[in-house]
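Inside the fold
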Amino acid sequence: MTQFVDIAAPAATPALRRAGMTVFSRRAERLLALADGHPMRDFLLFCAALARAQHACLATRVEHAVADSASLRQLLTLLQRHLDVELPPDSHSALLCLLALDDAALQALADALRHGQYDARSPLAAAWPLLGAALQVQATIVVRQQDIAALTPGETACCPACGGLPVASVLRRGDSGHAVRHVCCSLCASEWHVSRVKCVVCGNTRQLQYRSLADRDAAAPQPDRKQPHAHRGTQELECCDSCHGALKVVSRLQDGNADAFADDVASLALDLLAGDAGYGRIGFNPYFLPAQD
Ligand SMILES: [Zn+2]
Ligand SMILES: [Zn+2]
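Residues numbered from 1 in each chain as written. Chains lettered and ligands numbered in written order. Predicted model: local features only at pLDDT ≥ 70, side-chain atom pairs only at ≥ 80, totals over all residues. Heavy atoms only, no water.

Identification of the chain as Tat proofreading chaperone FdhE from Vogesella indigofera is taken from an unreviewed UniProt entry.

To continue, consider unusual backbone geometry. For Ala189, which is not glycine, the phi dihedral falls at a positive 65 degrees. A positive phi is found at His244, a non-glycine position, where the angle reads about 60 degrees. Its location among the elements puts His244 in the loop between β6 (235-240) and β7 (245-251). Judged by relative accessible area, His244 falls into the partly exposed class, the value being 41%. (Helix = DSSP H or I, 4+ residues; strand = E, 2+ residues; numbered from the N terminus. Buried < 20%, exposed > 50% of the residue type's maximum accessible area, 1.4 Å probe, protein only.)

The next point concerns the pattern of salt bridges. Per the stated rule, a full pass over the model turns up 15 salt bridges. Of the charged contacts, one joins Arg121 and Asp119 as a salt bridge, the two residues approaching to 4.0 Å between their closest N and O atoms. Close ionic contact of Lys248 with Asp271 constitutes a salt bridge, the shortest N to O distance being 2.7 Å. Taken together, the positions of Lys248 in strand β7 and Asp271 in helix α9 (residues 268-276) put the pair 23 residues apart, joining distant regions of the chain. Here Lys248 matches Asp271 in class, with each residue buried. If you follow the salt bridges from partner to partner, you end up with Lys248, Asp264, Asp271 and Arg281 in one network. (Salt bridge = Lys/Arg side-chain N within 4 Å of Asp/Glu carboxyl O.)

Here we come to the nonpolar core. Judged by nonpolar contacts, the single largest core of 73 residues is most densely connected at Leu31, Leu76, Leu98, Trp128, Leu131 and Tyr287. With ten residues, helix α6 (residues 128-144) is the largest single contributor of residues to this core. Residues within four places of Leu131 in sequence aside, it is in contact with Leu72, Leu76, Leu98, Leu106, Leu109, Ala110 and Leu113. Of all hydrophobic cores here, the second largest spans six residues; its members include Leu237, Ala246, Leu270 and Ala274. (Core = buried A, V, L, I, M, F, W, Y, C linked by side-chain atoms within 4.5 Å. Contact = heavy atoms within 4.5 Å.)

Coordination sphere of the zinc ion (ligand 2), protein contribution only: Cys199 (SG), Cys202 (SG), Cys240 (SG) and Cys243 (SG), at 2.2 to 2.4 Å. For the zinc ion (ligand 2), the four donor atoms are set out with angles of 100 to 119 degrees between them, so the coordination reads as tetrahedral. The motif formed by the donor residues of the zinc ion (ligand 2), counted along the single chain, is C-x2-C-x37-C-x2-C. Separated by 44 residues along the polypeptide, Cys199 in the loop between β4 (191-193) and β5 (208-211) and Cys243 in the loop between β6 and β7 bring together distant segments of the chain. Here Cys199 falls in the buried class, since its relative accessible area comes to 4%. (Donors = N, O, S within 2.8 Å, 3.2 Å for Na, K, Ca; no water. Tetrahedral: all angles 85-135°; square planar, octahedral: opposite > 155°, others 65-115°.)

Here the focus is the UniProt feature "domain: FdhE central" (unreviewed entry) in the chain. UniProt records the feature "domain: FdhE central" (unreviewed entry) at residues 159-196, using the numbering of this structure. Along residues 159-196, the helical share is 0% and the strand share 47%, with 17 Å between the first and last C-alpha atoms. (UniProt positions renumbered as here; feature names shortened; annotations may be inferred.)

Before going further, it helps to spend a moment on the packing of helix α1 (residues 23-35) against α6. Direction vectors running N to C along α1 and α6 enclose 140 degrees, while the axes themselves pass 12 Å from each other. Viewed along their axes, α1 and α6 adopt a mutual orientation that is oblique. Counted together, Val23, Phe24 and Arg27 of α1 and Gln136, Val137 and Thr140 of α6 form the full contact between these two elements. (Axes fitted to C-alpha atoms, helices over the stretch in contact; angles between N-to-C directions. Parallel < 35°, antiparallel > 145°, perpendicular 65-115°, else oblique.)

The next point concerns the environment of Pro129. Mapped onto the fold, Pro129 is located in helix α6. Each C-alpha atom, one on Pro129 and one on Asn285, is 9.0 Å from the other, the two residues being 156 residues apart in sequence. Not counting the four nearest positions on each side in its chain, Pro129 is found in contact with Leu50, Pro286 and Leu289.

Let us look at the coordination of the zinc ion (ligand 1). The protein atoms that coordinate the zinc ion (ligand 1) are Cys159 (SG), Cys162 (SG), Cys185 (SG) and Cys188 (SG), at distances spanning 2.2 to 2.4 Å. Every donor counted, the four donor atoms about the zinc ion (ligand 1) form angles of 99 to 117 degrees at the centre, which fits tetrahedral coordination. When the donors of the zinc ion (ligand 1) are listed by position in the chain, the intervening gaps give C-x2-C-x22-C-x2-C. Linking Cys162 in the loop between α6 and β2 (166-173) with Cys185 in strand β3 (residues 179-185), this pair joins segments that are 23 residues apart in sequence. Its relative accessible area of 31% is what places Cys162 among the partly exposed residues. Accessibility expressed as a relative area gives 0% for Cys185, which makes it buried.

This is the structure we're talking about:
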């Protein structure tokens, strides 16, 4: 297994990146590209349609105040209106039940989902990804209306801008030419800097392993010091042997179009393999909400 040298963030590396106006449209394009020939093609195509609808919601609501539950209800309705595919019948009826809740009940479910808590056996469960998608649009707008320059983020496990859980890490080439890692928020898609080799949950920097699907079929190549990232996977898992958590790492060094959310759902097979090896999934992705233990 290749070991990385921990690289401190160069001075020019932003400690916090806020999502731009194309965050959902770029995600939709990435999901479409990943769906081609994928075993989970239909699921990825539905996620792409959801991301397109999120883009339309963001474009029309970005100037509005959206933080309260009445606005969340509006976003859910708007999201459904902008979906260019038909909702499965169970999702459609669950969404109608969700919209029929009073503000306090809707807010309670939204607050729980923000923290990764949901009942996968609830009659409303088929609407959780839609609620999650609306929360993402809401959080993205709220954070775009904040002065994030006033924030001084640390290497935290939750988003410094909105408090959201991490979905995955994103690698880019920093100014020095080395890989720089940011952790992406599952809600507002802001990215905050965390050291290159560090478990975001427990802070462990030593007992970490990096696993990719390519590892199953190919012997690890000899490290090339001139191109240290040439043979790494676009989607890898950082597995912590201290807390036994695993967080996806998505590399824009490997593929400039890689997206934390899209590449995460396209590589769920990697989480299953890690689960078999005893590692629990750290990333929270509202597009994919499995049954919880
Ligand atoms: Zn956030
Ligand atoms: Zn850990």
